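Coordinates in review
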Amino acid sequence: MRICSSAIRGSALMRRVSSLKTAMVHRSFIGLETPETPIEVEKGRIRQFAAAISESNPIYFDDAAARAAGHPAILAPPTFGFSLSILHPQTFDFKAMGLELARILHAEQRFNFGVPIYAGDVIRVRARITDTYEKKGGLLDFVCMTTFGRNQHDQPVFEMTGLIASRRRPQP
Amino acid sequence: MSIPVYEDVLVGDELPPIVKPPLSRTTLALFAGASADHNPVHIDIDAAREAGLPDVIGHGMLTMAYVAQVLTGWVSPSAIRSYSVRFVAPTRIGNALTCTGTVIAKDPSSDGTVRIALQAVDQFGDVKVRGDAEVVLARGATRTNDAEIV
C-alpha cells in the first residue's frame, strides 16, 4: 500500500511557522523538520501501552518471558513507535499550522520496521513534513509526514509515514 | 506459538482472527494515556461535539494496534517488515472489532517474505481499517508435496 503517494518535495530548511496565517495548511510547511531528539523508552509505558491494547503476550510485560523468547528486554508492540513521535518535545504544532486538533482525522499510516524497540532503549526521533494539499474544494486539509527513529546503537527502528486530514470549520 | 515456515504457507491462508470487546470510553481513556495521544476528540464528548461529531471516536492507532495483533499472534513482532493501513471509517463507542488477515502473495525470490492483507470490521460488518503487511517467515521445507505450494 502506498501512503502519501505524491512525491516527497521541499527542502530540509526549517521554515518559520509564525509568519503564516492563511486559512489552509500552507505549502511552505513542506520540508519542516523537528530536530532529532533522544526519547527514553520506559518499561512502564510499554506495559501500559500493551495493556491498553489488551495484549496478553508476556514478552510485552515480563523481562524473564522476553528473554526466554530471545529478546534482551521486554519489547514494544509494533505500533508503539507512533507514541514516541507524539512524545517528541518539539512535535509539530498543528494549531500553529492552522489545524484544529479536534478536527484532525488520521487517514493513513505506514511503518517500515528496523530492529525492535526494547525497554531501556533511547530512540532518536525526527520527523519531517513531506507534503500538504487540500481536497474537496478546500474542506479537507492534508498533511503527510515521515518520522524516523534510530536506537542507541544507531540501528533504524522505524520509518513511519502518516497522512492526517483536517476538516475545516464551516464558514458562517 | 508454532512458527510458520514459508514453504508451508499458502496464498489464501487465513491468519487466526483477533476479536476485541466492544470499544468503551475507559479503553479510549487508557489508550490516550498509554499512547500519549491526548486528542480530546477521543476522550471528551464536549470537545467531540464542538468539532461537529455526535460522540467521541476511537483512536485510529488503537485500531491499528488491534489489527497488528493478527500479525503478532502469528509470527514474532521482529518478523514484521512493514505494516500499512488506511483508516476507512472512525470507530465508535460500542464497536466490537474483528481483525483478520489473509496471505495474498509469496515472493519466492525473497528471504521468505509473504504479504498479508488485513482488515478490521465492526459487529455490523462495516470496514473500519484496511491494510497490508510484509512478514518474513523462516525458510525450510517441511511439506513433502511441492505441488501444493502456490
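Residues numbered from 1 in each chain as written. Chains lettered and ligands numbered in written order. Predicted model: local features only at pLDDT ≥ 70, side-chain atom pairs only at ≥ 80, totals over all residues.

So, the interface of chain B and chain A
- Residue-level contacts link 36 residues of chain B with 30 residues of chain A.
- Only helix H1 (25-35), helix H2 (45-50), helix H3 (60-72), strand S2 (80-87) and strand S5 (127-136) of chain B provide two or more residues apiece to the side of chain B that touches chain A.
- Considering every element that reaches the side of chain B that touches chain A, the biggest residue donor is H3 of chain B, with nine residues.
- A breakdown of the residues in the side of chain B that touches chain A according to their chemical character gives 20 nonpolar, 10 polar and six charged.
- Pairing of strand S2 (residues 104-113) of chain A with S2 of chain B, which is carried by five bridges, proceeds in the antiparallel orientation. By the bridge assignment for S2 of chain B, Glu108 of chain A is matched with Arg86 of chain B. (Contact = placed C-beta atoms within 7 Å. Helix = DSSP H or I, 4+ residues; strand = E, 2+ residues; numbered from the N terminus. Nonpolar A, V, L, I, M, F, W, Y, C, P; charged D, E, K, R; others polar. Pairing = 2+ DSSP bridges.)

A word on the pairing of strand S5 (residues 156-167) of chain A
Residues and elements named next belong to chain A.
- Relative to S5, S2 is paired through nine bridges, and the arrangement is antiparallel. Its bridge partner being in S5, Glu108 is matched across the sheet by Leu163.
- Looking at chain direction, strand S4 (residues 140-150) and S5 are connected through 11 bridges and run antiparallel. Directly across from Arg150, in S5, lies its bridge partner Pro156.
- Between S4 and S5, which follow one another and run antiparallel, lie five residues, and Asp154 among them has a positive phi close to 65°.

Considering the nonpolar core
- If you look at the biggest cluster of nonpolar residues, it comprises 79 residues, and the most contacted ones within it are Ile46 of chain A together with Tyr66, Val67, Leu71 and Val135 of chain B.
- Sort the elements by how many residues they give to this core and H3 of chain B lands first, with nine residues.
- With residues up to four places along the chain from it excluded, the contact list for Val67 of chain B reads Val85, Cys99, Leu118, Ala120, Val129 and Gly131 of chain B. (Core = buried A, V, L, I, M, F, W, Y, C linked by C-beta atoms within 7 Å. Buried ≥ 20, exposed ≤ 12 C-beta atoms within 10 Å, placed from the backbone.)

Some points on unusual backbone geometry
Residues and elements named next belong to chain A.
- The phi dihedral of Ser54 is positive, around 50°, even though this residue is not glycine.
- Since 16 C-beta atoms lie within 10 Å of it, Ser54 is described here as partly exposed.
- Its identity is not glycine, yet Asp154 carries a phi of approximately 65°, on the positive side.
- Summarising the element assignment, Asp154 is placed in the loop between S4 and S5.

Overview of the sheet that holds strand S1 (residues 18-19) of chain B
- Strands sit in the order S1(A)-S3(A)-S4(A)-S5(A)-S2(A)-S2(B)-S5(B)-S4(B)-S3(B)-S1(B) across an open sheet of 10 strands; the sheet is antiparallel. Two strands close off the open sheet at either side, each with one partner strand: strand S1 (37-40) of chain A together with S1 of chain B.
- Note that strand S3 (residues 122-135) of chain A and S4 of chain A share 11 bridges and pair antiparallel. Paired with Glu134 of chain A across the two strands is Asp141 of chain A, which belongs to S4 of chain A.

Regarding helix H1 (residues 43-52) of chain A
- Every buried residue belonging to H1 of chain A is among Arg45, Ile46, Phe49, Ala50 and Ala52 of chain A, and all of these are buried. Around the axis of H1 of chain A, the buried residues are gathered within 165° of arc, so they sit on the same side.
- For H1 of chain A, the secondary structure elements touched by its buried residues are helix H3 (81-87) of chain A together with H1 of chain B.
- Remark: Ser54 of chain A follows H1 of chain A within two positions and exhibits a positive phi of approximately 50°. (Arc of directions from axis to C-beta.)

Some remarks on the environment of Ala29 of chain B
Residue and element names in this part refer to chain B.
- With respect to the helices, strands and loops of the structure, Ala29 is situated in helix H1.
- Judged by C-beta crowding, with 15 C-beta atoms within 10 Å, Ala29 ranks as partly exposed.
- Linking Ala29 and Ile43, residues 14 residues apart in sequence, is a C-alpha distance of 5.8 Å.

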